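Listed below are the residues making up each chain.
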Number of protein chains: 2
Amino acid sequence: MVAHPAQINENDDAASVMQRIRKMIGTGAMSNALTIRPARSEDDDAIWAILEPTFRAGETYPIPRDISRSEALGYWHTPGHSVFVAERDGRIVGTYYMKANNRGGGAHVANCGYMVAAGAMGGGIARAMCTHSLDEARARGFTAMQFNFVIASNERAVKLWQACGFEIVGTLPGAFLHPSRRAVDAYVMFRTL
Amino acid sequence: MVAHPAQINENDDAASVMQRIRKMIGTGAMSNALTIRPARSEDDDAIWAILEPTFRAGETYPIPRDISRSEALGYWHTPGHSVFVAERDGRIVGTYYMKANNRGGGAHVANCGYMVAAGAMGGGIARAMCTHSLDEARARGFTAMQFNFVIASNERAVKLWQACGFEIVGTLPGAFLHPSRRAVDAYVMFRTL
């Protein structure tokens, strides 16, 4: 049985341990840590690289499929939005925005939109961003979070948000015209914080 | 039994009929015709006179109670909103906006916000504006209308929208902090056109 490369034994010398650590970092064996941080202006290219295929597909957001780069980034960075990015190995693999869903008497409920890079789906990035956003929302004093328009055919998202504690509190019948031109329902999802 | 002032008998002469009509118009007896038309820039004072007490009360819209005139008018006239006014006797007694509730695959669902002048409540103005908006939405090609945030304690509005064919399709628990600081539910209401 071959020892796991990360295993350190009591008779290993420091130099060989360091060498193995460097090797692991180099091969990616220790590189799956996800960092979520506020977006900076220099992240716009990476954010657009995530937004573009999703908006072009038109299956998950009620946004025009032919939206331009500047309009899409303007939407993602709408005044009042806080934008975050998820970084892995120095590459931005996801982004989300947070905002108050309403003002005045509705300002205690947060709203977020999340997006994962096309090639990075299924790696827990959306879940990590959601968890991060729930903590961030609590820290900002929000006491609930609401998603206004979760498209029912996006079953993966619906299940993930349910796993993150959200409930379907409303169903908007046929409120989304999928690119197949099939009218599908959209869900309103909600959870307290 | 006194004849109704609007009654015209076969032996009335035209002059006396006209005199009575003028008198009725003067006293308001025939003055309940409501005209609903697109707002013009010179209507802003009248619109603000309607918005201000409603926003200050903070009981029906999730808008800051201390919103300024310019910010409130900017909100009502948000780009993409079509604003209408309801006029009676040359006085603006109500206003509403219409917009697409979403873009892209959600652009077939309209959204409206209605407001009636404080002194003109209970006169059928909200119902008339809603009926007008449903016709207007159909004419614009919308196939459904959605209200995103009808505050449950605003029972009069909830009942009126139900009478206008809307159904409660979602309940947002405690999503509105009423000025009494009581958290009340908000409803998502929807109807097809």
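For clarity, every value in this text was computed on a predicted model and none was experimentally measured.

A. Spotlight on the confidence of the model for chain A. Residues and elements named next belong to chain A. Averaged over every residue, the pLDDT of chain A is 90; the share at 70 or more is 84%. When the criterion is pLDDT under 50, residues 25-31 qualifies, and its contacts beyond four places in sequence or with other chains add up to 4 contacts. Complex prediction metrics read pTM 0.84 and ipTM 0.82.

B. Summary view of helix α3 (residues 69-76) of chain B. Residue and element names in this part refer to chain B. Considered for burial, the residues of α3 that qualify are A72, L73 and W76. Around the axis of α3, the buried residues are gathered within 95° of arc, so they sit on the same side. Buried residues belonging to α3 abut α2 (44-57), β2 (82-88), β3 (91-100) and β4 (109-116).

C. Spatial organisation of the environment of A137(B). Looking at the secondary structure, you find A137(B) in helix α4 (residues 125-139). With 17 residues separating them in the primary sequence, A137(B) and A120(B) have C-alpha atoms 25 Å apart.

D. Representation of the pattern of salt bridges in the model. All names here are of chain A. A complete count under the given rule lists 16 salt bridges over all chains for this structure. Close ionic contact of E87 with R37 constitutes a salt bridge, the shortest N to O distance being 3.2 Å. Here E87, found in strand β2 (residues 82-88), pairs with R37, found in strand β1 (residues 34-38); they are 50 residues apart in sequence, far enough to count as distant. Overall, the relative accessible area of 12% leaves R37 in the buried class. One salt bridge in this structure joins R140 and E136, with 2.9 Å as the shortest N-O distance. Accessibility expressed as a relative area gives 21% for E136, which makes it partly exposed. Among the charged side chains, a network of salt bridges with common partners joins R37, D43 and E87.

The rules we used
Here the residue numbering is sequential within each chain, running from 1 through the sequence in written order. Written order determines the labels here, with chains lettered from A and ligands numbered from 1. Where totals are concerned, whole chains, interfaces and linings use all residues; where local detail is concerned, this predicted model gives features only for residues with pLDDT of at least 70, and gives and counts side-chain atom pairs only at 80 or more. Hydrogens and water molecules were not included; the side-chain quantities draw on all heavy atoms of the structure. Confidence of the prediction at every residue is given by pLDDT, a number between 0 and 100. Here a residue-residue contact requires only that any non-hydrogen atoms of the pair lie within 4.5 Å. Relative accessible area decides the class of each residue, using a 1.4 Å probe on protein chains only: under 20% of the type maximum gives buried, over 50% gives exposed, and in between gives partly exposed. A run of H or I in DSSP becomes a helix once it reaches four residues, and a run of E becomes a strand once it reaches two; helices and strands are each numbered from the N terminus. What the arc describes is the spread of directions from the helix axis to the C-beta atoms. Salt bridge criterion: a side-chain nitrogen from Lys or Arg within 4 Å of a carboxyl oxygen from Asp or Glu.

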